[in-house]
Amino acid sequence: MTTEDFRSAAHATADLVSDYLTELPARPVWQPMGDAARQALLDAPLPAEGRPLGELLAAIERDVLPHPMGNGHPRFFGWVNSAPAPAGVLAALAAAAMNPSSAGGDHADVHLERAVVRWIAELVGFPHPAGGGLLTSGTSMATIVCLAAARNRAARRAGHDVREEGLAGLPPLVGYVTGETHSCVRKAAELLGLGSRHLRAVATGSDGRLDPAELRTAVERDRAAGLLPFLVVASAGTVGTGAVDEFGPIADLCEEQGLWLHVDGAYGAFGRLDPAIAHRYAGLERADSLALDPHKWLGVPVDCGCALVRDTDELRGTFSLVPSYLRDEAAGALGWFSEYGTEQTRPFRALKVWATIAHRGRAGLARDVARCTALARRLGELVDADDELELLAEVQTSIVAFRHRAAGLDGTALDALNRDLPVAVQQRGRVFVTGARFDGREMLRACLLNAATTEEDLHLLLAEVKAAARTLLP
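Residues numbered from 1 in each chain as written. Predicted model: local features only at pLDDT ≥ 70, side-chain atom pairs only at ≥ 80, totals over all residues. Heavy atoms only, no water.

Engineer: Provide a residue-level description of the sheet that holds strand 1 (residues 133-136), including the pertinent values.
Structural biologist: Judged by pairing direction, the sheet is mixed, and its seven strands sit side by side in the order 1-7-6-5-4-2-3 without closing on themselves. Every interior strand has two partners, whereas the edge strands, strand 1 and strand 3 (199-202), have only one. The sheet shows a mean angle of 20 degrees between the axes of neighbouring strands, direction not considered. As judged from the four bridges shared by strand 6 (residues 289-292) and strand 7 (residues 305-309), these two strands associate in the antiparallel manner. (Pairing = 2+ DSSP bridges. Helix = DSSP H or I, 4+ residues; strand = E, 2+ residues; numbered from the N terminus. Axes fitted to C-alpha atoms, helices over the stretch in contact; angles between N-to-C directions.)

Structure below.
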């Protein structure tokens, strides 16, 4: 391949991607793939010989781009998946061209990652000592990193070196969550050998927030039973309803009891940028660790999570392992990023984060977040005013939890209807919404992350939910 071959293909790729993003709002949000198209991808044979770049681009245009997940569309309200920031899309190409391992050393990606991790901490108002964080694949990995540090500290305080001796000989370490805590916390507890049965589900109030009084009772009961409470996981925006825990009282209890306070801010922590809801995050800065995803509300192209910790030494002491072949005498006091997490070869995530934040600036990001939260509150008002629909929780961030309440159906039938509604709406292709279970009831949840969404899109969402319900009702 010549330089001119690559240049020509790169220009064609830019045109293809630009056309795709431009035309996306006019397309269906999502539609099931046809059997033939799906099978063609599944059964693709291993090529015996290479193909020209032009042919590959044609295949991408024909076989891949017409079948998106849908999350780039302004009427995509499902899960917590954002549209890609254009600046991040461009930066991802440049990062791939460099293709470094961002484990450590004196090259641009390493220094840029230290800068953008500090930027992320500044955006959400979290303390940032030098070296107090790193980029990860997502909050699931960031949670493992943070909980491993919490486990290490608890074991050390109990006179035990968990890195050398494992968990044998320690009393069971107990963590405290709620029924709305993201599943990545349980996965982390299982992978770290803590055991999911040692995660206590603490009751929440009617607002979906962790109840500090119930938390205290659970901690004192476990301590009296000879167990070792060590961790509390609070939320800066639950996945189900977007509820934000009251951090001040929880932090007070954690300091009193010597517990590590971890905050799951995967999606919601960036809500702190919106002056209208910033008060909900008071006390977030008192947490020992925070996990969050630039690839959610900021729109950084997947993948990109971030782990932030208050104590750099705790993080490095949990993971640092430097074999002779990786010694770097010029690394400086902070060493390598690979000493702060599980990855040795690390992708160049920082460039797309830098480009996304630098393109919008703090003010632009704050406007985008504020627009999403305002739209969510408006959607909540529309649901409240509709006799066919029911709002299930206060709109605290940009997630709206609601359900259809068809007349004449009992609780079981209403649950069945609302469980089937998301797929029925998705298949119509005009909007995309997903479901969940909250407070024992099936519901729909609309997550607003796209600042290009309009109020007209909200009206269409509710119209589609009601239209789909009519097709499902007897």
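Engineer: I'd love a proper account of the side chain of T312, names of residues and values included.
Structural biologist: Considering the arrangement of structural elements, one finds T312 in helix 11 (residues 312-319). Of the polar contacts made by the side chain of T312, one reaches the backbone oxygen of A130; its length is 3.0 Å. Look past the residues within four positions of T312 in its chain and what remains in contact with it is P129, A130, G131, G132 and Y340. (Polar contact = N/O pair within 3.5 Å; in protein donor to acceptor, adjacent residues only side chain to side chain. Contact = heavy atoms within 4.5 Å.)

Engineer: So, a nonpolar patch on the surface: which residues are in play, and what are the values?
Structural biologist: Nonpolar side chains collect at one region of the surface, where M1, F6, L53 and L56 lie side by side and expose about 410 Å² of accessible area between them. Mapped onto the fold, L53 is located in helix 3 (residues 53-64). The class for L53 is partly exposed, based on a relative accessible area of 32%. (Patch = residues over 30% accessible without salt bridge, like charges linked within 9 Å, V, L, I, M, F, W, Y side chains within 5 Å. Areas by Shrake-Rupley, 256 points an atom, 1.4 Å probe, with all protein chains shown as cover. Salt bridge = Lys/Arg side-chain N within 4 Å of Asp/Glu carboxyl O. Buried < 20%, exposed > 50% of the residue type's maximum accessible area, 1.4 Å probe, protein only.)

Engineer: Describe in detail the layout of surface pockets, supporting the description with residues and values.
Structural biologist: Considering only enclosed or pocket space, the largest pocket measures out at about 1,200 Å³ in volume. The wall of the largest pocket is formed by 40 residues, among which V17, Y20, L65, P84 and V89 lie closest to the centre. Mapped by element, the contributors of at least two residues to the lining of the largest pocket are helix 1 (3-23), helix 3 and helix 4 (86-98). When residues in the lining of the largest pocket are grouped by element, the largest group, ten residues, is from helix 1. Here the lining of the largest pocket is built from residues that sort into 28 nonpolar, ten polar and two charged. Approximately 540 Å³ is the volume attributed to the second largest pocket. Taken together, 25 residues line the second largest pocket, and the ones lying closest to its centre are A83, P84, A85, P86 and N450. Per-element tally for the lining of the second largest pocket: the top contributor is helix 12 (residues 350-384), with seven residues. In terms of residue class, the lining of the second largest pocket is made up of 16 nonpolar, six polar and three charged. (1 Å grid on protein atoms, 1.4 Å probe; cavity = no way out; pocket = protein on both sides within 12 Å on 5 of 7 lines; lining within 4 Å. Points joined across faces, edges and corners; volume = space filled by probe spheres on them. Nonpolar A, V, L, I, M, F, W, Y, C, P; charged D, E, K, R; others polar.)

Engineer: Before we move on, can you summarise the packing of helix 6 (residues 139-157) against helix 8 (residues 183-191) with the specific residues and values?
Structural biologist: In contact at an axis separation of 9 Å, helix 6 and helix 8 are set at 45 degrees when each is read in the N-to-C sense. Here helix 6 is positioned oblique relative to helix 8, judged by the angle of their axes. At the point where helix 6 passes helix 8, the crossing takes the right-handed sense. For the pair helix 6 and helix 8, contact is made by T139, S140, T143, I144 and L147 and by C184, V185, A188 and L191, respectively. Its residues placed into classes, the contact of helix 6 with helix 8 shows six nonpolar, three polar and no charged. (Parallel < 35°, antiparallel > 145°, perpendicular 65-115°, else oblique. Left-handed = near helix turned anticlockwise from the far one by under 90°.)

Engineer: I'd love a proper account of empty space enclosed by the protein, names of residues and values included.
Structural biologist: Considering all chains together, one arrives at three cavities of 30 Å³ or more under this definition. Reported here for the largest cavity is a volume of approximately 120 Å³. If you go around the largest cavity, you meet 14 residues; those closest to its centre are E180, T181, S235, T238 and D264. Grouping the constituent residues of the lining of the largest cavity by class yields five nonpolar, six polar and three charged.

Engineer: A description of the pattern of salt bridges should follow, citing residues and the corresponding values.
Structural biologist: Using the criterion set out here, one finds 35 salt bridges in the structure. In this structure, the salt-bridge partner of D207 is R209, at a minimum N-O distance of 3.1 Å. On the basis of relative accessibility, which here comes to 31%, the residue D207 falls in the partly exposed class. Taking the shortest distance from any N to any O, the salt bridge between R430 and E464 comes out at 3.4 Å. Of this pair, R430 sits in the loop between helix 13 (411-428) and strand 10 (434-438) while E464 sits in helix 14 (residues 455-472); the two residues are 34 residues apart in sequence, bridging distant segments of the chain. We classify R430 as partly exposed; its relative accessible area is 44%. Residue E464 is classed as buried on the basis of its relative accessible area of 3%. One salt-bridge network, held together by shared partners, links E390, R403, D415, R437, R441 and E442.

Engineer: Hey, could you go over the sheet that holds strand 10 for me, with residue numbers and the actual values?
Structural biologist: Across the sheet, four strands lie side by side as 8-9-11-10; this open sheet has antiparallel pairing. Either end of the sheet is taken by a strand with one partner, and the two such strands are strand 8 (389-391) and strand 10. The mean inter-strand angle of the sheet, taken between neighbouring strand axes irrespective of direction, is 45 degrees. Note: strand 8 against strand 9 (residues 399-404), three bridges, orientation antiparallel. Each bridged residue has a counterpart across the sheet, and for L389 the counterpart in strand 9 is H404. Sitting on the sheet, helix 14 is in contact with strand 8, strand 9 and strand 11 (441-447), with an inclination near 30 degrees to strand 9.

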